[in-house]
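A closer look at the structure
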Amino acid sequence: MEVTNVSEYEAIAKQKLPKMAFDYYASGAEDQWTLAENTNAFSRILFRPRILIDVSKIDMATTVLGFKLSMPIMIAPTAFQKMAHPEGEYATARAASAAGTIMTLSSWATSSVEEVASTGPGIRFFQLYVYKDRNVVAQLVRRAERAGFKAIALTVDTPRLGRREADIKNRFTLPPFLTLKNFEGLNLGKMDKANDSGLASYVAGQIDRTLSWKDVEWLQTITKLPILVKGVLTAEDARLSIQAGAAGIIVSNHGARQLDYVPSTIMALEEVVKAAQGRVPVFLDGGVRRGTDVFKALALGASGIFIGRPVVFALASEGEAGVRKVLQMLREEFELTMALSGCRSLKEITRDHIATDWDHPRARLLAPKL
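Remember, predicted model here, so these are calculated numbers, not experimental data.

Here is what the cut-offs are and how they apply
Residues numbered from 1 in each chain as written. Predicted model: local features only at pLDDT ≥ 70, side-chain atom pairs only at ≥ 80, totals over all residues. Heavy atoms only, no water. Phe/Tyr/Trp six-rings, centres within 6.5 Å; stacked < 30°, edge-to-face > 60°. Helix = DSSP H or I, 4+ residues; strand = E, 2+ residues; numbered from the N terminus. Buried < 20%, exposed > 50% of the residue type's maximum accessible area, 1.4 Å probe, protein only. Axes fitted to C-alpha atoms, helices over the stretch in contact; angles between N-to-C directions. Parallel < 35°, antiparallel > 145°, perpendicular 65-115°, else oblique. Left-handed = near helix turned anticlockwise from the far one by under 90°. Contact = heavy atoms within 4.5 Å. Nonpolar A, V, L, I, M, F, W, Y, C, P; charged D, E, K, R; others polar. Pairing = 2+ DSSP bridges.

Examining the packing of aromatic side chains
- Going through the model one piece at a time under the given rule, you end up with 11 aromatic pairs.
- An angle of 15° between the planes, with centres 5.6 Å apart, marks the rings of W33 and Y261 as stacked. With W33 in helix α3 (residues 33–40) and Y261 in the loop between β9 (248–252) and α11 (265–276), the pair connects residues that are 228 residues apart, well separated along the chain.
- Assessed through its relative accessible area of 37%, W33 is described here as partly exposed.
- Linked through ring pairs, Y24, Y25, F80 and F172 together constitute an aromatic cluster.

A short note on the packing of helix α1 (residues 9–16) against helix α13 (residues 309–341)
- Remark: α1 packs on α13, axes separated minimally by 10 Å, with the N-to-C direction vectors making an angle of 165°. As summarised for this structure, α1 and α13 are arranged roughly antiparallel, according to the angle between their axes. Between α1 and α13 lies a crossing of left-handed hand. Along the contact surface, α1 presents Y9, E10, I12, A13 and K16, while α13 presents F313, A314, A316, S317, E318, G322, K325, V326 and M329.
- Of the residues in the contact of α1 with α13, the class split is 8 nonpolar, 2 polar and 4 charged.

Side note on the environment of L327
- As for its placement among the helices and strands, L327 is situated in helix α13.
- In the structure, L327 is positioned 256 residues away from M71 in sequence and 9.7 Å away in space, judged by C-alpha atoms.
- Setting aside residues up to four positions removed in sequence, L327 forms contacts with M71, I73, I75, A95, A96, A99, T101 and I307.

Overview of helix α12 (residues 291–299)
- Counting buried positions over the 9 residues of α12 gives 8, a clear majority of the element.
- When α12 is considered as a whole, its buried residues turn out to be G291, D293, V294, F295, K296, A297, L298 and A299.

A few points about the pairing of strand β6 (residues 124–128)
- Extensive coverage of β6 is indicated by the burial of 5 of its 5 residues.
- By the alternation rule, side chains of β6 split into R124, F126 and L128 and F125 and Q127, which are all buried.
- Pairing analysis gives 3 bridges linking strand β5 (residues 103–105) to β6, with the strands arranged parallel. Considered in β6, the bridge of T104 is made with F125.

Everything listed is a geometric property; what it means functionally is a separate question.
Have a look at this one:
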């Protein structure tokens, strides 16, 4: 059966992958309310399309931190990609490069920064977890810099791992043939079996719970790379990120895998955008499954979006070809949404192209008549 949209890859991945691997990728924290909300919330935003505009030429190109991209759709960091497909992060890196967009490599990748760099040219960011041993962090950042990575996405929402019950039930651990490649030489590459989730035990032992704003400043003393703060959901933290020297903000709830009952990323986005006041770009990561979702995020002020699970499910289904297809499908859907909304370039996408249920004058138009 031909795959005609991004979401269809999830069912194919479920058939192909061992239960422990699929559940690791698919599940969220606790009741998984935020997991469902991340995608569902997009359906509460409606379009106000403009008509009779010449849309014979559509330009989706953009720049992110000064790098030219073919579209505002980028790849989020996801861990353990070789658990999905033998080529893992190599395949994802090649697909991103072919699509003219950015791949973010996870700290917990099953391929190292050097290995991913060896796949060829491409604009790549590195997602960073801060370990208790700061020498490990400094070494990792230097390696990413040397390997040609262009920015650090600092994950700030994981002082402890969220309670992911599927992983507890499955006693999740990395398959024996895989390691956390970036940490292999540091004796931190293996994950031990545990009575609950092996990953939760690993995080408890290695990741620094004392992480604070001063560490964002410290990071700037050890690298010249721009730092994106990933995991911001409030105006307060958007302002503090900018004060601490962040080059950009990623609105993310960690794929709904950390604190359940936080808002969806699309619902948190506008608050963060307003607080940033255009001083730094704001990106959305979480819940995007359609080109229409991309448009809605940009209309609410995002400079671009990141996709996570769709990449992993497509990778599990069809390897590199699957990841290429996901990027291509989202690109084509987004282009069509722009055309049907009367927007020829990203700068023509405005807040007036959407209506949300918190828009006061128009809220009455959306409300059912009693």
